[in-house]
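# Fold and geometry: a report
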Amino acid sequence: MKNWLSHHAQSLWLALKRLLQNPFAGLLNIGVIGIALSLPSGLYVLLNNLENLSRQVSSEPQISLFLNMQATPAEVAQMQAQLKSHPGVRNFQFVPRDQALRELQKAAGIGDVVQSLTHNPLPDAFIIHAKNSSAEALQALRDEISSWPNAAHVQLDSLWAQRLDALLRLGKLVILMLAILLSFALVAVTFNTIRLQILTQRDEIEVAKLIGATPRFIRRPFLYIGALQGLAGGVIAWVIVAISIHVLDKGIADLTRLYSVNFQLNHLNISDSGSLILFSAWLGWVGAWMSVSRHLHQIEQH
Amino acid sequence: MISLSQVCKRYPGGYDALKNISFTMQHGELVAVTGHSGAGKSTLLKLIAAIERPTRGSIIINGQNTSSLRTAAIPYLRRNFGLVFQDHKLLFERTVFENVLLPLQITGFERRESAKRVRAALDKVGLLDKEKTLPITLSGGEQQRLCIARAIVSRPAILLADEPTGNLDAAYASDIMELFKSFNQVGVTVIIASHDEAMLKRLNPRLLKLNCGELAS
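These lines cover the structure that appears in this document, whether it is placed above or below. (Residues numbered from 1 in each chain as written. Chains lettered and ligands numbered in written order. Predicted model: local features only at pLDDT ≥ 70, side-chain atom pairs only at ≥ 80, totals over all residues. Heavy atoms only, no water.)

This part covers the side chain of D162(B). All names here are of chain B. On the secondary structure map, D162 appears in strand 7 (residues 158–162). Buried charged residue D162 carries no salt bridge. Nearest counter-charge: K46, at 6.3 Å. Those residues in contact with D162 that sit more than four places away from it in its chain are S42, L45, V84, F85, Q86 and A193. (Helix = DSSP H or I, 4+ residues; strand = E, 2+ residues; numbered from the N terminus. Buried < 20%, exposed > 50% of the residue type's maximum accessible area, 1.4 Å probe, protein only. Lys, Arg positive; Asp, Glu negative; His and termini not counted. Salt bridge = Lys/Arg side-chain N within 4 Å of Asp/Glu carboxyl O. Contact = heavy atoms within 4.5 Å.)

Let us now look at the sheet that holds strand 9 (residues 206–211) of chain B. Residues and elements named next belong to chain B. Ordered by their spatial adjacency, 6 strands build an open sheet running 6-7-8-3-9-10, and the pairing between neighbours is mixed. Taken across any chain shown, the strands that pair with only one partner, and hence form the sheet edges, are strand 6 (81–84) and strand 10 (214–216). On average, each strand axis in the sheet is inclined to that of its neighbour by 20 degrees, with strand direction left out of account. Relative to strand 9, strand 3 (residues 30–34) is paired through 4 bridges, and the arrangement is parallel. When the bridges of strand 9 are listed, T34 appears paired with K209. Along the sheet face, helix 5 (residues 140–152) touches strand 6 and strand 7 and points at about 170 degrees away from the line of strand 6. (Pairing = 2+ DSSP bridges. Axes fitted to C-alpha atoms, helices over the stretch in contact; angles between N-to-C directions.)

Residue and element names in this part refer to chain A. With respect to the element layout, T118 can be found in the loop between helix 5 (111–115) and strand 3 (125–130). Judged by its relative accessible area of 79%, T118 is exposed. Measuring from C-alpha to C-alpha, the distance between T118 and W282 comes to 65 Å, with 164 residues separating the pair along the chain.

What follows deals with the sheet that holds strand 2 (residues 15–25) of chain B. Residues and elements named next belong to chain B. What the 4 strands build is an open sheet, ordered 2-1-4-5; its pairing is antiparallel. Of all strands in the sheet, those bounded by a partner on one side alone are strand 2 and strand 5 (64–65). Against the sheet, helix 1 (residues 41–48) engages strand 1 (2–11), strand 2 and strand 4 (56–61), with an angle of about 120 degrees to strand 1.

Encoded structure:
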């Protein structure tokens, strides 16, 4: 066990030494990997933030029912009873017009405008959550409610949120595709680096084989080089994302202050950061493994 | 024990390097393979070390038939041998010490014990004071001795040397031959291939003479 560990330590040391032998080429490779990975991971962070934002605005489908301005309290009460007994309604909430005005005053960016109003232009309203949240059921419920007397306007509020959700899902798909493509690029970069390494270490490999080295012994330092390079590339990608977020965050803070909203970009969390770096290291390892299997076999035939 | 029976080696293109070779060696023997260039000496050594496989016939080393050995088992078979090459095959970006250490790293030897063995091997060939230098600074004879140190460091039972004195002047060459003789005296089986029959005869070996791929009696 101790031998085995020291063996690995040796390979790791050898890999580091070989990487440092040609620092410029190594840095370029690591930079390429870092930039390639920062693209999907940066987009992922942005999308996550968008998702957070949309979650703040509930995406549970709801129907807003605005009453006629002239509706009397008795008529409102009758409507309440009607909603209570309706089989398609899960629950509902009555928003009196005064409360609606107060909420509007608190909400984003238009407090000043509301202040300047001389009378309350808002009607009484119900916010209704349907039992069945499929688009067709909601549509049917909306149509039914809008035929009721005193219903001035019925609106499916959440449709835009659903659309945003769908859009976010699409965005995630795009990121996934991008990540897969760029992963291939990363594997290719490592494949090539290791190929060059093998060419320069050719004598050493041949001698090691002649004096009884197993393929595993020969492969190991190259795998470490690939994994180390991937690891370093992952760290670079993380740094690029962190810096970009830091820069963007300032811009976004300026922008959102103008809308009197407080919104801050979240950075990659620890588990995402860990996965990014480990995944990158793993891809490097895979590229190295492919390269070594292919090129050592060629040396074997000589 | 090394035993060859009816071994033939034909290279692609139809050239027969070895034809119908059969002989047996016991442990601790000193065997010299001689013949002109192209007689098949190197090929014979390569077949014994399983660097190449015979086209026909069988080679049995310590009870293992190399021609039917799995590829994965070959590295372990090679650890029975110490190989000395005419062109040394040293690693020039590693120090003298690291060159000799390589076989022990391959077999996964413990570090402190390895260092002891490396120094013992270097001492044996008279290079102990050069352990930190790079092989490029050594003379031809010293490089050959370094190659020998690397071959003996893992204390193999069989030492195979292909033209070990090929590039050396007479004084160096007889030094090297003396070294092989001393290994043989402590029980190592030694096989030396060389065209220089006069030099070999001084070791008083069992002579195997190759002539155009065939064994002359």
